[in-house]
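So the chains spell out like this:
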Amino acid sequence: MNDLSFTVPLWAWAAVTLVIAVMLAVDLIAHRDNHVIGFKEAAIWSGVWIAIGLGFGLVLLAWQGGEASSTYYAGYLIEKALSIDNVFVFALVFSFFAVPDAYQHKVLFWGVIGALVFRLVFIFVGAELLQLFFWTAYLFGAFLIWTGYKMAVSKDEEIHPDRNIVVRLVKKVVPTDAQYHGGRFFTKISGRRVATLLFVALVAIEATDLIFAVDSVAAILAITTNTFIVWTANAFAVLGLRSLYFCLAGLLRRFAYLHYGLAVLLAFAGVKLILSETPVGKLPIPLTLGVIVATITVSIGWSLIATRGQNGDTDNDTTTGTHEHADAEPAPVTGSTRPHHPEGPS
């Protein structure tokens, strides 16, 4: 598979890792008091994360030239678009477990760290497979096309976070109290250390993201197998997920047709990956960027026009948890745009 290649010195990897660590530390310190995140604060932080993500593309432009920069932007945009779907999942999990608003940022913070680790592993494994075995491009491509199809036809499937195999395993292995104890993931009851419902919600977030990370990483590997670009595009897109959630949580119903756009992007990535191992070869990056921008613009524009006049807030606090306890069995929730695997990975 012919691909963009340039030498990335160890100091560059170290510098990016340091930047990511500092950004996470600043975010953690800024929200250490577990306060409820308002729209204005979330919008400011979203602007900061997006500016940093876009700014890194300019760094690549100065360092490695236009092709590296445009490839990064293509990857960043597709990951950012797919991350909107993660916002749906976050809202559904928080609603299902009735996670109090003040603790949602804490769950998302640690969830994002887990997401970064999962993606880093998938990136290096996937890139290595594509480089060593050309036929894996056909497998990944077919997987992306199938995922796009499932996304387009399974909009309203019910999600049962507690049925995820990882969540069920944690409940069986780790003593769990089905209540919230402030912002703690673990607490002591009668001298026994137990996990709280907040920890179960975190596991649900991590487990669903583990599944969704597969098609996200596969989609960007269809653009490039350069691990430095794939990793940085993923990292800078994922880092803004928390703020994006608090910006969009009340507007999710307005994105009624976004899943069609994401389905097109995944299918396009699959076709692109398959074509890369045929006489057609890699599709040019400007064409890829154009398809990504046009698809995102049309699907979001179509959604907003079709739902104009609707109140973005969901009824009965369906996007954010407002209760301190969740002793009653919650009802199943719907609305995510990705194909779902309620039982978790087999």
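Scope of this entry: the structure provided in the associated data block. (Residues numbered from 1 in each chain as written. Predicted model: local features only at pLDDT ≥ 70, side-chain atom pairs only at ≥ 80, totals over all residues. Heavy atoms only, no water.)

## Details of the packing of helix H3 (residues 66–96) against helix H8 (residues 227–239)
For the pair H3 and H8, the least separation of the axes is 8 Å and the interaxial angle reads 40 degrees. Here H3 lies oblique to H8, going by the angle between them. Here H3 runs over H8; the crossing is right-handed. Listed contacts from H8 to Ala 68, Thr 71, Tyr 72, Gly 75, Tyr 76, Glu 79 and Lys 80 of H3 are Ile 229, Thr 232, Ala 233, Asn 234, Phe 236 and Ala 237. Among the residues forming the contact of H3 with H8, the class breakdown is 7 nonpolar, 4 polar and 2 charged. (Axes fitted to C-alpha atoms, helices over the stretch in contact; angles between N-to-C directions. Helix = DSSP H or I, 4+ residues; strand = E, 2+ residues; numbered from the N terminus. Parallel < 35°, antiparallel > 145°, perpendicular 65-115°, else oblique. Left-handed = near helix turned anticlockwise from the far one by under 90°. Contact = heavy atoms within 4.5 Å. Nonpolar A, V, L, I, M, F, W, Y, C, P; charged D, E, K, R; others polar.)

## Digging into the side chain of Ser 69
The residue Ser 69 is located in helix H3 in this model. Once residues lying within four places of it in the same chain are set aside, the contact partners of Ser 69 are Gly 57, Leu 60 and Leu 61.

## Looking at the nonpolar core
Core analysis: the largest hydrophobic core is formed by 99 residues, its most contacted members being Ile 20, Tyr 72, Phe 97, Leu 116, Phe 228, Leu 239 and Tyr 245. No other element matches the 17 residues that H3 contributes to this core. Residues within four places of Leu 116 in sequence aside, it is in contact with Ile 20, Leu 24, Trp 231, Ala 235, Val 238 and Leu 239. (Core = buried A, V, L, I, M, F, W, Y, C linked by side-chain atoms within 4.5 Å. Buried < 20%, exposed > 50% of the residue type's maximum accessible area, 1.4 Å probe, protein only.)

## Thoughts on a nonpolar patch on the surface
There is a patch of nonpolar side chains on the surface, built from Val 117, Val 121, Val 125, Leu 129, Leu 132, Phe 133, Phe 134, Trp 135, Tyr 138 and Leu 139 and spanning about 920 Å² of accessible area. Among the secondary structure elements, those contributing two or more residues to the nonpolar patch are helix H4 (101–132) and helix H5 (136–153). Among the elements that make up the nonpolar patch, the one with the highest residue count is H4 (5 residues). Looking at the element boundaries, Trp 135 is found in the loop between H4 and H5. (Patch = residues over 30% accessible without salt bridge, like charges linked within 9 Å, V, L, I, M, F, W, Y side chains within 5 Å. Areas by Shrake-Rupley, 256 points an atom, 1.4 Å probe, with all protein chains shown as cover. Salt bridge = Lys/Arg side-chain N within 4 Å of Asp/Glu carboxyl O.)

## Remarks on helix H1 (residues 10–30)
Compared with an ideal rise of 1.5 Å per residue, which puts 21 residues at 30 Å, H1 spans 30 Å between its outermost C-alpha atoms and is within 8% of the ideal. Listed as buried for H1 are Ala 12, Val 16, Ile 20, Met 23, Leu 24 and Asp 27. Viewed along the axis of H1, the buried residues span an arc of 105 degrees, placing them on a single side of the element. Opposite the packed face of H1, turned more than 90 degrees from it, sit the exposed residues Leu 10, Trp 11, Leu 18 and Ile 29. (Expected span 1.5 Å × (residues − 1). Arc of directions from axis to C-beta.)

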